[in-house]
Every structure is written in C-alpha cells, then in structure tokens.
Amino acid sequence: MKEDTFDYPFIRYPRVLIDSPMFSHISIEARTLFAMILDRFCLSTVNADRFTDKHGKIYVIYTVEEVCEKLGCGNTKALRIFRELEAEGMIIRKREICCMPYKIYITERFSEYAKQEFANAENDNSRVHENGLREFTKREHSKNNNINNKISNTYPSVREYGK
C-alpha cells in the first residue's frame, strides 16, 4: 500500500459549512450532523428505489439513537441539533406513521448556497507562487450551467416540502 493513499472510510464535509459566514453561527455539532446526513444522502441516492417517497423525493433516515451514538451525546442534545438544522432551513423532518423514524430531506437553501459557493471557487483566478504562497485576484462570476449540474447531482434538494 502506498503511504499517500487513504484506505479508510471518510465523510465529505462541505467546505462551505466551515468557510461561509452564512453558516458560522451554526454549532459545530449541527454542521457535523449535516455532513453525516449528506453522506447518508449519497447512499440513499444509490438506493433510490428504497429511499424515495410517494412524491419522488429522496430522503434519509437517521434516528436520534444513531446520532447519540455517533456524536457521543444524549437524546436531548441530539434533538436540539436536529431542531437547529430545521430552524436554519437546512433539513425538513417528516414522520408519516407514528412510532416510525423521521424521513429527513435536504432543503433548497443549502443546495442553492452550495451552487453559488462552488461557482465562486471554480472562477477563482488565484495562483500559487514558487514559494508556496497564493496570490489572489478578483474573481470573475459566470453563469455556467455545468457548475450548477455538478452541484445539483451531488446534493439534490427538496423544494419547500410541506413544512
């Protein structure tokens, strides 16, 4: 095995959750849970036949117990984290049948903001000098549909799905 390869699973943590002032007030636990939800969303997309609702929207199942186990917290804190993500408009949780886990949908708010940030990063005209320092220049904004498609395919979203 090469030393520079990763042979263990990891979760993609969108840079926008760290860099953007839009998300800076959100707790680190909520951002981490959102990254975990996005990771599971990718699995739901692969298994869309099992994780698509009657409206054709893909959802994720993440129980409070799973969140407690993975984040090392209690039920109260896990519920607070879910409520924080809902209050920020990043997810919508819906329960169709009593005593069944919530279906979690990723909302339009995050997808649209991620598209904008991705477009800005693609149009970054900075360059790295020989000394390793980056020179920044003014960004040029363009409306490139390919960028929007990349983000849409990575993080499809739900339009105001029955609040």
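Criteria and cut-off values
Residues numbered from 1 in each chain as written. Predicted model: local features only at pLDDT ≥ 70, side-chain atom pairs only at ≥ 80, totals over all residues. Heavy atoms only, no water. pLDDT = per-residue confidence, 0-100. Contact = heavy atoms within 4.5 Å. Core = buried A, V, L, I, M, F, W, Y, C linked by side-chain atoms within 4.5 Å. Buried < 20%, exposed > 50% of the residue type's maximum accessible area, 1.4 Å probe, protein only. Helix = DSSP H or I, 4+ residues; strand = E, 2+ residues; numbered from the N terminus. Disulfide = S-S within 2.5 Å. Axes fitted to C-alpha atoms, helices over the stretch in contact; angles between N-to-C directions. Parallel < 35°, antiparallel > 145°, perpendicular 65-115°, else oblique. Nonpolar A, V, L, I, M, F, W, Y, C, P; charged D, E, K, R; others polar. Polar contact = N/O pair within 3.5 Å; in protein donor to acceptor, adjacent residues only side chain to side chain. Salt bridge = Lys/Arg side-chain N within 4 Å of Asp/Glu carboxyl O.

Draft legend 1. Here's a closer look at the confidence of the model for the chain. Averaged over the chain, the pLDDT score is 77; the fraction of residues at 70 or greater is 65%. Across residues 138-152, where pLDDT falls below 50, the model places 21 contacts with residues more than four positions away in sequence or in other chains. Note on residues 157-163: pLDDT is under 50 here. Beyond four places in sequence and across chains, it has 17 contacts.

Draft legend 2. Looking closely at the nonpolar core. Grouped together as the largest cluster of nonpolar side chains are 27 residues, with contacts concentrated most on F34, I37 and F82. Of all the secondary structure elements, the ones that give two or more residues to this core are α1 (16-19), α2 (28-46), α3 (64-71), α4 (75-87) and β2 (103-106). Considering each element in turn, this core owes the most residues, seven residues, to α2. Every residue in contact with F34, bar those within four places of it in the chain, is listed here: L17, L85, M90, I91, I106 and F110.

Draft legend 3. Region of the structure containing the state of the cysteines. Summed over all chains, the structure comprises zero disulfides. Here C68 is not cross-linked by a disulfide; its sulfur's nearest cysteine counterpart is in C73, at 4.6 Å. Considering cysteine sulfurs only, C99 is the nearest to C98, which forms no disulfide, with 3.6 Å between them. Residue classification places C98 among the exposed positions, given a relative accessible area of 64%.

Draft legend 4. Local environment of the packing of α3 against α4. Running from N to C, α3 and α4 cross one another at 105 degrees; their axes reach a closest spacing of 9 Å. The angle between the axes of α3 and α4 places the two elements in the roughly perpendicular class. Here V64, V67, C68 and L71 of α3 come into contact with α4, specifically with N75, A78, L79, I81 and F82. Looking at the contact of α3 with α4 residue by residue, the class counts come to eight nonpolar, one polar and no charged.

Draft legend 5. Representation of the side chain of S20 within the structure. Its place among the elements puts S20 in the loop between α1 and α2. On the basis of relative accessible area, S20 is assigned to the buried category, the value being 2%. A distance of 3.0 Å separates a polar side-chain atom of S20 from the backbone nitrogen of M22.

Draft legend 6. Broad picture of the pattern of salt bridges. Summed over all chains, the structure comprises six salt bridges. Among the ionic pairs, K77 bridges to E29, the shortest N-O distance being 3.1 Å. Remark: E29 occurs in helix α2 and K77 occurs in helix α4; sequence separation between them is 48 residues. A relative accessible area of 33% means that K77 is categorised as partly exposed. For E29, a relative accessible area of 25% corresponds to the partly exposed category. Between E84 and R80 there is a salt bridge whose closest N-O contact spans 3.4 Å. Taken as a pair, E84 and R80 lie in helix α4 at a separation of four residues, close to a single helical turn.

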